[in-house]
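Fold and contact review
Residues per chain, in single letters:
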Amino acid sequence: MGIYSLCIAMRKHRVYKAIIYIILLIGSIYFISCSEDNPAKIQDPIPGLDTVEYFNWKIDTFYYQITDVLPIDSTNYFMTFSALPYLKHYKQGTVSNIDLGYPYFRGGPIKAKNENKIYVGGLLYGNGDTRAQLRIVENGKVSSYSVPDDSTRNVGSMFIDKQDNLWLSTDKSPYKFSNGTFKKFNLGDSLIFCRFYEDNADQLLAFCVYNIGYPGIYEVKKIIGDTSATIYTERITSYGQKYYGVENICLNKDIVMSSFHTYFSFGNNTWNPFYSNNDLHFRPALNGTSRNYLISFLDFEYVNGHDNVGLIYDNGKLTYERKLAISYSEIPAKIIFVDEKTVFIPTVNPSRLFIGTKKQTK
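Residues numbered from 1 in each chain as written. Predicted model: local features only at pLDDT ≥ 70, side-chain atom pairs only at ≥ 80, totals over all residues. Heavy atoms only, no water.

Comments concerning the overall build of the chain
Definition in use: Starting at the N terminus, helices and strands are each numbered in turn, a helix being any DSSP run of H or I of at least four residues and a strand any DSSP run of E of at least two. Here, two residues are considered to be in contact whenever any of their heavy atoms come within 4.5 Å of each other.
Helices and strands together make up the secondary structure of the chain, namely two helices and 30 strands. Counted over contacts in the chain with a minimum sequence separation of 6, partners at least 24 positions apart contribute 47%.

Below you can see the structure in the form of C-alpha cells.
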C-alpha cells in the first residue's frame, strides 16, 4: 500500500489516526521564513497548569512538507521533504543539496550515528518502480539500493542497532540491511508499521501493529538473531487508548508512549503508566531525555480550540511552555532530542521546524 493510498484508508478508521502523524513526516524544503518568536499564542489559560519558559525557540517555515530531520546540533542538521529528491544540509546558516536520485527519488526517514554516514529511506515517484529505496551518503558519496520486493513501495522508519545493522520498516515487511544485503524478517501475518528500538538492557525490540481492521492489535517482538519472540500483545479498542506507532525513544533509551490521558514507559516486557490526568487529552508526539523529562502536546480540540499546547513534564510535574503553541491545524509530528539542551520539533500543515535551546534558568 503506498503512502498516499494509506493515508486515505487511515481516515476511515480513527483508531489508526495516530499512525498517520508518524508516516506523514513527508516533506521538502523551499525555505520561506525564520522567526525567533512563535506567532501562535495561547488564547485561554489552562486550569491547574503553570506557564513556564524552559526553551528559547527558533522557528523556520518551509514550502514543502517535512519528511524527517536528522539534527547534529542546533545549527547543523539534515532534512528530507515529500516533493524533493534531495537531502538538504543546513549548517550555520548555509544550505546545500545532496542529490539522492533526481528527479524520481522522494525522501523519507533519516538515520545516522554520525554525519559521515547517513542512511535515507524513501520511494521512487513517477517512474513505475514500486520498490522501497535506500540511499547511503558516506563522506559525500551516495550509494543507491532498492529493497528486493516490488510491493514494498516506501520506507516508513529505520533504526541502527549496536552492531551497526540497519533495520527498515516498509509498507509490507521489515528488513535488516547489513554489508550491502537486505534480509526480510517475517514477524507475523499482516504485521505492519514496525519500529525498532534497543532498550536499556540492549534488547532489540520491534513495536508493530496488525493491519486487520478495527479494533487494532499491537505487539512487541524481541529480535533474537534471525528469529523473534512475542513479548507483549494488546488489543486497542478505542482511539486514544494508546498512540502506538509513534517513535519515542529518549536519550537514555527509555521507551515512552502516550494515550489520551496517560504516559507509559516500556519495561519488564509491558507498558507501565507513570503519569495520568483524566482532565487532559494528549497528542501522540512524546519524547525527552528520559521518562522523567518529556515534551508533549495537548490536543487543541480539548483545550481551547485555538492551539495545540506544548507541555513540559519534569519529574512528576506538568507545565505548559509559553511559546510552544502551534496552530490548531498544525500536527506536531515528532519530537527529537539532540542532547539535554536541544530539541527539534517538525510539524506538518503548515510545515515548520521548531528548534528549542534550553535556557540556563526556568
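Digging into the state of the cysteines
Worth spelling out the cut-off: Two cysteine sulfur atoms form a disulfide, by the criterion used here, when they sit within 2.5 Å. Only protein chains enter the calculation, and the probe is 1.4 Å; a residue is then buried if its accessible area is under 20% of its type maximum, exposed if over 50%, and partly exposed in between.
Taken as a whole, this structure holds one disulfide when the rule is applied. The disulfide partner of Cys194 is Cys208, and the S-S distance across this bridge is 2.3 Å. Taking the sign of the torsion about the S-S bond as the criterion, the disulfide between Cys194 and Cys208, at about 115°, is right-handed. With Cys194 in strand β16 (residues 191-198) and Cys208 in strand β17 (residues 204-210), this pair connects stretches of sequence that are 14 residues apart. Looking at Cys208, the relative accessible area reads 1%, which means it is buried.

Section: a negative patch on the surface
The following threshold applies: Patch membership requires over 30% relative accessible area and the absence of a salt bridge. Like charges are linked within 9 Å, and nonpolar side chains (Val, Leu, Ile, Met, Phe, Trp, Tyr) within 5 Å. Every accessible area reported is derived by Shrake-Rupley at a probe size of 1.4 Å, with residue values counting cover from the shown protein chains alone. What makes a salt bridge here is a side-chain nitrogen of Lys or Arg within 4 Å of a carboxyl oxygen of Asp or Glu, nothing more. Charge assignment in this entry is limited to Lys and Arg as positive and Asp and Glu as negative, and neither His nor the chain termini are counted. We put the charge of a Lys on NZ, of an Arg on CZ, of an Asp on CG and of a Glu on CD.
Together, Asp73, Glu115, Asp339 and Glu340 make up a region of like negative charge exposed at the surface. With respect to the helices and strands, the residue Asp73 is situated in strand β4 (residues 66-73). Note on Asp73: relative accessible area 32%, which makes it partly exposed.

Brief notes about the sheet that holds strand β21 (residues 262-267)
Under the convention used in this document: Pairing between two strands is assigned when DSSP locates at least 2 bridges connecting them. Axis lines are fitted to C-alpha atoms, over the contacting stretch for helices. Their N-to-C directions set the angle, which ranges from 0 to 180 degrees.
Strand order in this open sheet of three strands is β20-β21-β22, and the pairing throughout is antiparallel. Of all the strands in the sheet, the pair left with one neighbour each is β20 (256-258) and β22 (270-276). Here the strands of the sheet are splayed against their neighbours by 30° on average, with no regard to which way each runs. Bridge analysis of β20 against β21 gives three bridges, and the strand direction is antiparallel. Note that in β21 the partner of Ser258 across the bridge is Tyr263.

Some points on the side chain of Asp60
When you line up the elements, Asp60 lands in strand β3 (residues 55-62). Given a relative accessible area of 4%, Asp60 falls into the buried group.

Considering the pattern of salt bridges
Side chains bearing opposite charge may pair, as long as their charged atoms lie close to each other. Under the definition given, this model contains eleven salt bridges. Between Lys334 and Asp68 there is a salt bridge, with its nearest N and O atoms 2.9 Å apart. Of this pair, Lys334 sits in the loop between β27 (331-332) and β28 (336-337) while Asp68 sits in strand β4; the two residues are 266 residues apart in sequence, bridging distant segments of the chain. With its nearest N and O atoms 3.5 Å apart, the salt bridge here joins Lys253 to Asp202. Of this pair, Lys253 sits in the loop between β19 (227-236) and β20 while Asp202 sits in the loop between β16 and β17; the two residues are 51 residues apart in sequence, bridging distant segments of the chain. Its relative accessible area of 30% is what places Lys253 among the partly exposed residues. Through salt bridges with shared partners, a single ionic network connects Glu53, Arg322 and Lys359.

Examining the packing of aromatic side chains
Stated precisely, the cut-off is as follows: Aromatic pairs are defined between Phe, Tyr and Trp rings, using the six-membered ring for Trp, whenever the two ring centres lie within 6.5 Å; interplanar angles under 30 degrees are classed as stacked, those over 60 as edge-to-face, and all others as tilted. In this scheme, Lys NZ or Arg CZ marks a charge over a ring once it lies within 6 Å of the ring centre and within 35 degrees of the ring normal.
The final tally for this structure, using the stated rule, is 27 aromatic pairs. Aromatic side chains Phe177 and Phe182 sit 4.8 Å apart centroid to centroid with 55° between the ring planes, which places their arrangement in the tilted category. Residues Phe177 and Phe182 agree in their burial class; the two are buried. One Lys or Arg, Lys183, reaches over the ring of Phe185 and ends 5.9 Å from the middle of that ring. Looking at Lys242, its charged tip hangs above the ring of Phe264, at a distance of 4.2 Å from the centre.

Section: the confidence of the model for the chain
Definition in use: A score from 0 to 100, pLDDT tells how confident the predictor is in each residue.
In the predicted model, the chain carries a mean pLDDT of 84, and the fraction of residues at 70 or more is 83%. Counting interchain partners and residues more than four positions distant, the pLDDT-below-50 stretch residues 1-43 has 137 contacts.

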